[in-house]
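# Geometric and topological summary
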Amino acid sequence: MAMAMPTSSFMAITQRLDRPLPLSRTGLHFQRTHPEKEASWGGQVLRLPAADRWRLGVSFFPSIMRKKEKPEEIKKELLEAIAPLDRGAEASDEDKDRIDQIARRLEAVNSVKEPFKTKLLDGKWELIYTTSQSILATKRPKILRPNGKIYQSINVDTLRAQNMETWPYFNQVTADLVPLNVRRVAVKFDTFKILGLIPIKAPGRARGELEITYVDEELRVSRGDKGNLFVLKMADKSYRVPT
């Protein structure tokens, strides 16, 4: 929770600029020529000549005029970065850092602030990238990993979710979703299906959280409570999770 800063912390400080004054936050220096001119900067009163005050204002122009990124451009960059990484199983630490940075740029332009109040989440999503080593089973020999597609399905109206592996194991798990805020839910797993056939009741500790940080008709970015990143693409909008 933010705390109010004492008024004294905002006290104006007047300095005589008899030599160049380094402004560490900007990397700029200003030379005194007309001490009677003043400009305010970060709660300080700086005596600057008119020309220096003009240059101070110009330093802001690049950030003001910076072109806002378009989601489609960032999505393309993200998909290209993900493509050679076998859903993340082949990702180096450098790859993971790069993809996380691209994902954060996409999250920054997310226009859907309350995803669980929209229909965008509904359907079956294919996992195309994750940092979760348990899902990727990277400690197993490659031949024993889930080599087929992996899906996650969500239905907002019933607050149900389902994770599904395909070849070679076809394991599944279903879960109830409990909203925690407008974009985060608690995930309470209820039934595992081994080989897609043998039902086993999930233990009470089988829980987690999921936050939807970006979603549109084609792509979803989510983050888990253990810090893992998930990127998924829409596979089947009509799919319904078993209740």
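So, a few notes on the structure that sits alongside this text. All of these numbers come straight from a predicted model, not from anything done at the bench.

Calculation rules
Residues numbered from 1 in each chain as written. Predicted model: local features only at pLDDT ≥ 70, side-chain atom pairs only at ≥ 80, totals over all residues. Heavy atoms only, no water. Core = buried A, V, L, I, M, F, W, Y, C linked by side-chain atoms within 4.5 Å. Buried < 20%, exposed > 50% of the residue type's maximum accessible area, 1.4 Å probe, protein only. Helix = DSSP H or I, 4+ residues; strand = E, 2+ residues; numbered from the N terminus. Contact = heavy atoms within 4.5 Å. Axes fitted to C-alpha atoms, helices over the stretch in contact; angles between N-to-C directions. Parallel < 35°, antiparallel > 145°, perpendicular 65-115°, else oblique. Left-handed = near helix turned anticlockwise from the far one by under 90°. Nonpolar A, V, L, I, M, F, W, Y, C, P; charged D, E, K, R; others polar. 1 Å grid on protein atoms, 1.4 Å probe; cavity = no way out; pocket = protein on both sides within 12 Å on 5 of 7 lines; lining within 4 Å. Points joined across faces, edges and corners; volume = space filled by probe spheres on them. Salt bridge = Lys/Arg side-chain N within 4 Å of Asp/Glu carboxyl O.

### With respect to the nonpolar core
In this structure, Phe116, Leu121, Ile154, Leu177 and Val215 are the most contacted members of the largest nonpolar core, which totals 20 residues. Secondary structure elements with two or more residues in this core: strand 6 (123–130), strand 7 (150–155), strand 9 (172–179), strand 10 (184–194), strand 12 (207–215) and strand 14 (229–236). Ignoring sequence-local partners within four residues, the contact set of Ile154 consists of Leu121, Asp122, Gly123, Arg160, Ala161, Leu177, Leu210, Arg220 and Val241. In this structure, Ile74, Ile82, Ile102 and Tyr214 belong to the second largest nonpolar core, which totals 18 residues.

### Details of the packing of helix 3 (residues 71–82) against helix 4 (residues 93–108)
With their axes 9 Å apart at the nearest point, helix 3 and helix 4 run at an angle of 160° to one another. What the angle tells us is that helix 3 and helix 4 run roughly antiparallel. Crossing geometry of helix 3 relative to helix 4 is assigned as left-handed. Taken together, the residues of helix 4 that come into contact with helix 3 (itself represented by Pro71, Ile74, Lys75, Glu77, Leu78, Ala81 and Ile82) are Arg98, Ile99, Ile102, Ala103, Arg105 and Leu106. In terms of residue class, the contact of helix 3 with helix 4 is made up of nine nonpolar, no polar and four charged.

### Here we look at the layout of surface pockets
Of the voids in this model, the largest pocket is the one considered here, and its volume is about 1,100 Å³. Residue lining of the largest pocket: 38 residues in total, with Ser134, Ile135, Asn163, Val173 and Phe189 positioned closest to the centre. Of all the secondary-structure elements, those providing two or more residues to the lining of the largest pocket are helix 5 (133–136), strand 7, strand 8 (160–165), strand 9, strand 10, strand 12, strand 13 (219–224) and strand 14. Here the lining of the largest pocket gets five residues from one element, more than from any other, and that element is strand 8. Grouping the constituent residues of the lining of the largest pocket by class yields 20 nonpolar, 11 polar and seven charged.

### Regarding the pattern of salt bridges
According to the stated counting rule, one finds 17 salt bridges in the structure shown. One salt bridge in this structure joins Asp216 and Lys75, with 2.8 Å as the shortest N-O distance. Of this pair, Asp216 sits in the loop between strand 12 and strand 13 while Lys75 sits in helix 3; the two residues are 141 residues apart in sequence, bridging distant segments of the chain. For the residue pair Asp216 and Lys75, the accessibility class agrees, reading buried in each case. The residue Arg160 makes a salt bridge to Asp190 at a minimum N-O spacing of 2.4 Å. Of this pair, Arg160 sits in strand 8 while Asp190 sits in strand 10, and the two are 30 residues apart along the sequence. Judged by relative accessible area, Arg160 falls into the buried class, the value being 9%. On the accessibility criterion, Asp190 (22% relative accessible area) is partly exposed.

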